[in-house]
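Here is how the chains run, residue by residue.
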Amino acid sequence: VQVVSCLERTRYTVPQVGQGHVDRRENVRGAFALRGDCGLSAGCRVALIDDVRTTGATLGECANALAPLRPAFIGAVTCATAIPGLSPGMRP
């Protein structure tokens with residue numbers, strides 16, 4: 001497995017915490033771009049890694065930035081997934 005950092009942030013975004021789904025998506029729209037020197041080629045398989053998936057807005061925007069590679073597969077690995085409607089500190 002090859003690990004590469006092939007995306008870069010193209011602009012500042014405010015923290016996503018406390019924002020709703022629509023605001024999160026708008027906040028990260030166009031905030032990531034494919035680095036030209038990442039060494040990946042068309043048809044590659046990609047796994048995005050993120051600490052917490054809340055609405056998927058950041059992961060979706062990162063996947064959009066990878067589109068020029070025409071990857072055969074884009075997956076995501078996260079350390080945690082937020083549960084909608086659950087306040088911090090509460091347990092399901």
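Provided above is the structure to which this section pertains.
Residues numbered from 1 in each chain as written. Predicted model: local features only at pLDDT ≥ 70, side-chain atom pairs only at ≥ 80, totals over all residues. Heavy atoms only, no water.

Concerning the state of the cysteines
Basically, it comes down to this: Disulfides are defined as cysteine sulfur pairs within 2.5 Å. A simple rule labels every residue: compare its accessible area, found with a 1.4 Å probe on the protein chains alone, to the largest value its type can have, and call it buried under 20%, exposed over 50%, or partly exposed in between.
Across all of its chains, the model carries 0 disulfides by this definition. Summary of cysteine pairing: Cys38 is not part of a disulfide, and the nearest cysteine sulfur, belonging to Cys6, is at 4.6 Å. For Cys38, a relative accessible area of 9% translates into the label buried. Note on Cys44: no disulfide assigned, nearest cysteine sulfur contributed by Cys38 at a separation of 7.5 Å. Residue classification places Cys44 among the buried positions, given a relative accessible area of 13%.

Brief notes about the side chain of Asn27
Note the cut-off: Here a helix means four or more residues in a row that DSSP labels H or I, a strand means two or more in a row labelled E, and each is numbered from the N terminus. Contacts between residues were defined by any pair of non-hydrogen atoms, one from each residue, lying within 4.5 Å.
With respect to the helices and strands, the residue Asn27 is situated in helix α1 (residues 21-28). Classification of Asn27 by relative accessible area gives buried; the value is 12%. With sequence-adjacent residues up to four places away left out, Asn27 is seen in contact with Arg11, Thr13, Val14, Gln16 and Gln19.

Describing unusual backbone geometry
The backbone phi angle of Arg70 is positive, close to 50°, even though this residue is not glycine. Take Arg70: it is sitting in the loop between α2 (57-66) and β4 (73-81). On the basis of relative accessible area, Arg70 is assigned to the exposed category, the value being 59%.

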